[in-house]
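# Structural overview for review
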Amino acid sequence: MTGVIADDLTAEVLRNALVVAAEEASIVVVKSAYSTFIVEGSDASAAILDKDGRLIAHSMATTLMNSMALSVAVPYLLADIPVETMRPGDVFVTNDAYKGGIHTNDLLIFRPVFVDGTVEYFTATLIHVSDIGGASAGGMASLATEIFLEGLQLPPVRIATADGLEQSITGILALNSRTPEKVLGDVRALIAGATTAARRVEALIEEHGAARFAAGVESYLSYTEARTRAAIAELPDGEYRSSYVIDDDGIHPGQSYTVQVAVTAEGDRLVLDFAGTDDQVAAAVNASLSQSLAAAVFAARCFLDPTIPMNDGCLRVLDVRLPEGSLLNATSPYPCGGRFLPAYAAMEAVFQAMSDAVPERAIAASGILQPFSIAAQQAPYWVHLAYEYGGVGARHGKDGPDATGVHFGLGRNSVPQVEPVEVRCPFVVEAVEYLPDSGGAGRWRGGLGTRTVFRLLADAYVTTRGDRLRTGPPGRDGGRPGVPGGFYRLTADGVTERLESKVNNEPFRAGEAFVVETTGGGGLGDPHDRPAEAVRADVLAGKVSRAAAESAYGVVLGDDLEIDTAATLARRRS
């Protein structure tokens, strides 16, 4: 028995050591990168995988969107570059969306870890580099009709050896970038992160021995699998169907797209089948396989025990079916840059299906991230790439968090701080504020969206890639939808013009302001069931207006903002 306890303890120590190694790698990338979005937004990911691509550990502040890509890409890497040709010190790069990647601006870096002269593991890092060509700076290209408009594509290639960088590959990257110095700086940061993780893994193997290290990894993955199966077994058996609609593609007026899912729980098995999802389209509203897989896994895990680790042991249990050639599993040359639109629709569809299965954990639909870029119109180029977040849908028993978005695709702090960005780019952030009344009314209120104002000090191009800006996220069980946000131009003389949700290289003049308003989350439950004191507290906090308190919640407040009990009872009865 003592030996078993000691082995279990060793496995737990090893598990945490691997997670720390991945986390340290991601921190190295952030501290070493050149791109503003990485340095100020801390959007970097790292993972440790085995030679089959099984996800062993990833950085705690990472994104499942990214670590899933790193896992899915390994078999494609080995198909192109046989493992027996790899040498100590080699580093490989790819961004092929159809072979595990995400989109062209996301570079995936892999460094093999050798055990007794044989590749047994990989350490990997990933970030969205500043620019790698395409129709719009920063990798946006929101109106792309084929992937060639989204930037340079790289099959799996060797980018470094023990002797240093492969100048032929870095030369291609630099030549295809508007910001070559930043891209090459980002590449070096990615390699530094992967190298850091590789050294930590090598040290663990030396400390524990190769056989015990491998046994510890297997034990950890099996432990995760067993816990995931046990959690699924607690779900009620049955099939639960749902869908979610993407507003538009920015190209075909009035055309919307639907993602469908059937979630089947049976014993300790969970199937997520996306058959019936619309076919891929020549517009930037498709996702690659890895991104849709990440969305489905993330959404399902939200309804399981949150303490279960995320690794291949979890993935073994979930049967995710993504039809090839659909919005969720695009093939070449269909663009994948707008990957989060179908992926988040898939996530939302799973949320709603699982909410039907487990009503006591239900969540209403959410506002999502609204990406945009502000970029120089000519050399010398600068690019500000960022997101603003919508409100989360109300949860059963809790209001939705404000301005965080339900997301699985971003890093520690993907909304950069104002002051460092103003130093790097010619604009002033005049306002960042909540939007009162934007959260859907309900027994539990949806989270609020925000309003951010960028006053331009130089001519610039603005590119947007938004959704849920035409139809607000629906509420559940009598809750009201969140209020849609939007992108706007505020002219120098104060006139406000609404932009389309997806525009590419929209010219702005110095003195004009670019305004981003994000969408609120849906409400859950009848608004008239919300305690009057909670409504009053929202009014005092500026989250709900006095008028909305009465019209949406039936709560009448006097001029002193005290509850008029008689008027409130009458209003709620009417």
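Residues numbered from 1 in each chain as written. Predicted model: local features only at pLDDT ≥ 70, side-chain atom pairs only at ≥ 80, totals over all residues. Heavy atoms only, no water.

## Thoughts on the sheet that holds strand β17 (residues 486-490)
Put simply, the rule is: In this scheme, strands are said to pair when DSSP sees at least two bridges between them. Secondary structure is summarised from DSSP: a helix means a run of H or I of at least four residues, a strand means a run of E of at least two, and numbering begins at the N terminus for each. Lines are fitted to the C-alpha atoms to define the axes, a helix being fitted only along its stretch in contact, and any angle between axes, read from their N-to-C directions, falls within 0 to 180 degrees.
Taking strand neighbours across the sheet as the criterion, the five strands line up as β14-β15-β20-β17-β18 in an open arrangement whose pairing is antiparallel. The open sheet terminates on both sides in strands that have one partner only, identified here as β14 (427-434) and β18 (496-498). Adjacent strand axes in the sheet meet at a mean angle of 20°, parallel and antiparallel pairs treated alike. Of the strand pairs in this sheet, β17 and β18 are connected by three bridges, and their pairing is antiparallel. Within β18, the residue paired with R489 across the bridge is E497.

## Thoughts on the confidence of the model for the chain
Should pLDDT be low for a region, the predicted coordinates there are not to be read in detail. Convention followed: Across the chain, each position has a pLDDT score giving the predictor's confidence in that residue, from 0 to 100. Between two residues, a contact is recorded if the distance between any of their heavy atoms is within 4.5 Å.
Averaged over every residue, the pLDDT of the chain is 93; residues scoring 70 or more account for 96%. Here residues 1-6 is modelled with pLDDT under 50, and outside its nearest four sequence neighbours on either side it reaches zero contacts, counting other chains as well.

## Side note on the side chain of T463
Which entries qualify depends on this criterion: In protein, a polar contact means a hydrogen-donor-capable atom and an acceptor-capable atom, both N or O and within 3.5 Å, with residues adjacent in sequence counting only if both atoms are side-chain atoms; elsewhere, any N or O pair within 3.5 Å suffices.
Mapped onto the elements of the fold, T463 is located in strand β16 (residues 460-465). At 2.9 Å, the side chain of T463 forms a polar contact with the backbone nitrogen of N505. Those residues in contact with T463 that sit more than four places away from it in its chain are S136, M140, A141, S142, P371, F372, S373, V503, N504 and N505.

## What to know about the sheet that holds strand β7 (residues 164-165)
On the basis of which strands lie adjacent, the open sheet formed by seven strands has the order β2-β1-β5-β4-β3-β6-β7 and antiparallel pairing. Across the chains shown, the open sheet's two edge strands, defined by having one partner strand only, are β2 (55-58) and β7. Bridge count between strand β1 (residues 44-50) and strand β5 (residues 118-128): seven bridges; the pairing is antiparallel. Residue pairing in the sheet places L49 in a bridge with F122 of β5. Relative to the sheet, helix α5 (residues 180-208) contacts β1, β3 (91-94), β4 (106-115), β5, β6 (157-161) and β7, its axis offset from that of β4 by approximately 25°. Sheet strands in contact with helix α6 (residues 210-233) are β2, β4 and β5, and its direction is about 85° off that of β2.

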